Structures are given as C-alpha cells and as structure tokens.
Amino acid sequence: MLRARWQGYEIDSSEAAYEVSVPQPEQMGTLVRKFLTSGYFVRSYYLLFEEPFIRLRDFIKEKGDLGDKPTAKTLEYLEEQIAKFDPKSYRASRIGVKAIESILNYVGSHRQELLDAQVFRFELTPDQEEMYEDYDYEFTPGEKVDEGDFYSEEEIPLDGVVLYLGLYFVPNSKLSPAEQKKARSIARKVGKQMDSFGEPLFGGDWGDMMLGDLERSMPVSLRVRLNPDATFTVAGRWMEDGQFMFSYYDFLLGKAAQKAGVKIGAYTL
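The structure contained in this document is the topic of the report that follows. (Residues numbered from 1 in each chain as written. Predicted model: local features only at pLDDT ≥ 70, side-chain atom pairs only at ≥ 80, totals over all residues. Heavy atoms only, no water.)

This part covers the overall build of the chain. If you tally the helices and strands in the chain, you get nine helices and seven strands. Here the chain holds 269 residues, and 49% of them are scored as buried. Carbon and sulfur atoms form 49% of the exposed surface of the chain, whose accessible area is close to 13700 Å². (Helix = DSSP H or I, 4+ residues; strand = E, 2+ residues; numbered from the N terminus. Buried < 20%, exposed > 50% of the residue type's maximum accessible area, 1.4 Å probe, protein only. Areas by Shrake-Rupley, 256 points an atom, 1.4 Å probe, with all protein chains shown as cover.)

Let us look at the pairing of strand S7 (residues 232–239). Two faces belong to every sheet, and in a regular strand the side chains alternate between them. Of all the eight residues making up S7, seven are buried; the element is thus mostly covered by neighbouring parts of the structure. Where strand S6 (residues 219–226) lies against S7, five bridges are found, and the strand directions are antiparallel. Bridging from a neighbouring strand, Val224 pairs with Val234 of S7. (Pairing = 2+ DSSP bridges.)

In this structure, Leu165, Leu222, Trp238 and Tyr248 are the most contacted members of the largest nonpolar core, which totals 72 residues. Top contributing element to this core by residue count: helix H9 (residues 246–259), with eight residues. Grouped together as the second largest cluster of nonpolar side chains are six residues, Leu124, Tyr132, Phe139 and Ile156 included. (Core = buried A, V, L, I, M, F, W, Y, C linked by side-chain atoms within 4.5 Å.)

Below, the discussion takes up the side chain of Gln128. Relative to the elements of secondary structure, Gln128 occurs in helix H6 (residues 126–135). Residues contacting Gln128, with those up to four places away along its chain left out, are Glu154, Glu155, Ile156 and Pro157. (Contact = heavy atoms within 4.5 Å.)

For the structure shown, the criterion picks out 13 aromatic pairs. A centroid spacing of 6.5 Å and a plane angle of 55° characterise the contact between Tyr18 and Phe35, whose relative ring orientation is tilted. Here Tyr18 is found in strand S2 (residues 15–22), whereas its partner Phe35 is found in helix H1 (residues 28–36), with 17 residues between them in sequence. Residue Phe35 is classed as buried on the basis of its relative accessible area of 4%. The interplanar angle of 85° and the centroid separation of 5.2 Å between the aromatic rings of Tyr132 and Tyr137 together place this pair among those described as edge-to-face. Tyr132 gets classed as buried once you look at its relative accessible area, which sits at 4%. The exposure class of Tyr137 is partly exposed, given its relative accessible area of 21%. Among the aromatic residues, those joined into a ring-pair cluster are Tyr18, Phe35, Phe41, Phe169, Trp238, Phe246, Tyr248 and Tyr249. Note that Lys73 overlies the ring of Tyr77, its terminal NZ or CZ placed 5.1 Å from the centroid. (Phe/Tyr/Trp six-rings, centres within 6.5 Å; stacked < 30°, edge-to-face > 60°. Lys NZ or Arg CZ within 6 Å of the ring centre and 35° of its normal.)

Viewed as axis vectors pointing N to C, helix H2 (residues 51–63) and helix H3 (residues 69–82) meet at an angle of 140°, and their least axial separation amounts to 10 Å. In terms of axis orientation, H2 runs oblique to H3. The element H2 and its partner H3 pack so that their crossing is left-handed. Residues Phe53, Ile54, Leu56, Arg57, Ile60 and Lys61 of H2 touch H3, and the partners they reach there are Thr71, Thr74, Leu75, Leu78, Glu79, Gln81 and Ile82. In terms of residue class, the contact of H2 with H3 is built from seven nonpolar, three polar and three charged. (Axes fitted to C-alpha atoms, helices over the stretch in contact; angles between N-to-C directions. Parallel < 35°, antiparallel > 145°, perpendicular 65-115°, else oblique. Left-handed = near helix turned anticlockwise from the far one by under 90°. Nonpolar A, V, L, I, M, F, W, Y, C, P; charged D, E, K, R; others polar.)

Close contact between H2 and helix H4 (residues 97–109) brings their axes to 12 Å; oriented N to C, the two are set at 60°. It follows from the interaxial angle that H2 and H4 lie oblique. Viewed along their axes, H2 and H4 form a crossing whose handedness is left-handed. Between H2 and H4, the contacting residues are Phe53, Leu56, Phe59 and Ile60 on the first element and Ile103, Tyr106 and Val107 on the second. Of the residues belonging to the contact of H2 with H4, the class tally is seven nonpolar, no polar and no charged.

It is worth spelling out the side chain of Glu155 at this point. Considering the arrangement of structural elements, one finds Glu155 in the loop between H6 and strand S5 (161–168). One polar contact links Glu155 to Tyr137, side chain to side chain, over a distance of 3.2 Å. Those residues within four positions of Glu155 in sequence are excluded, and the remaining contacts are Gln128, Met131, Tyr132, Tyr135, Tyr137 and Phe150. (Polar contact = N/O pair within 3.5 Å; in protein donor to acceptor, adjacent residues only side chain to side chain.)

In structure tokens form, the structure reads like this:
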C-alpha cells in the first residue's frame, strides 16, 4: 500500500489547504493517478504551470535513455502536452491521467539526477517579489518550501514544482447515496453552528444555504513538488468563504485519499 501523511488545515478566512508527504517517490505518478480518479474530482485536469514540462522534455532529450520504453513514453507524453501550449491564450491546457502518471513516475525514478541538474529550480515571480516586500517574507531558491507558511496560494514559491494542476471537487449529486447522506448531515450541522451569527445577509436559512453549497463544483489546486532532500510533497488549496464547509471538503479529501491507498491525518488550524 502507498502511504502518505495528509494534513488538511485552515489558512485564513478564505482558503483551506491540504498536504501529503510521499515516502515512495518511484510510485508518485501512480499515487496521484489513483487520487485524481478516485471519483471525488471532476475528470478534467488543467495544467497551470507549463515551464516544468518544457525543462523536463529538454532534460530527457539531452540525458535520458531513449532506448528505455518508459522514458520514451514519457517523452512522447511531454511532446504531446507541450504542443498544446499557446502563449497567446490565457486558457490552461488539459492533461490526461496517463500522461500525469508516466511523467511523475519518471521524475520519481530520476529525482536525484533532476535535482543535481536543477531542472525544477524556479525564482520568485515579479509579483511574488513585490508581495514578499509587503509581508517581509524571505525565500531563496533551493530551500524547502513549507506551503503552510504562506498566507495565500499566489505567494507560494514555484521552486521545485513538477506539476501544478487545477481541478474541481465533484458536486454532492455525484457521490454515493451513503456519502450524500453524510454530506447533508455535515451541511445541516454547519448550518446550526452558523445560526449564532444571525440570519444570512440576504435572508433565508443557513442550513439551506449550506445544503445548496453541496452542489457547487469547488475548484481546488494540486502541486507536486520535488524537495531539496529528493522527497516529494503533494499540496493544494481551495477557496472557502469563511470555511463554513471545511469539514465537507475534508470529508471528500479523506475519501479520495482512502481510494488512493493513502493514510490520512487531517486537522484545522
């Protein structure tokens, strides 16, 4: 069984986050594929950061063993994905789980070579440099990135990032009957807790509002990062108004991780 440590926690009034530590890096791609296809995410995955794929493609062309079938297949997936990149478009390209699995398993098996070649070494973006001045952050590429140290997703360094995806939680109607029942129970409980704040601004009932939120396809990010010690971390965030429904999304993440064969520890801060 693949094992990982999962941490789900609140960052502020508008974001929530999760993190996974992965002790079997050679199987990174297989773990992520199982997680994404667990049934708790909409099966549309968007690549939000293109440069790692270009660098990895160039590395394999220069130093990879193209006589090795998995390596050759990984290069094929990279070339197919890179062909979709359009610098004139703001739309992210879609990527399939077979490509994700092949690429991440290759990176997991060649992690030390990739670290030595600094393939995934990225500087802060200009926007991040400006943010860091405002918040008195300091970061040097090559350091370990602890995403929990950063206030918002936009501030998190891209250094070490191999894969950065945008995806969506499935709406409650796509869950099993038993899971839908559990979700409604969570929503009603949250609604009762919110009653202490008085009536919602636009009228209605908190419980009904929370039940309505179950049908939203909430966007969530996923980053796979190669750490300086040749380990991997999977992390991501989602927006959450007041984090009223954090327990519901924590429930979905737990079910997805269970399907992926991952051990979980979840908590809020």
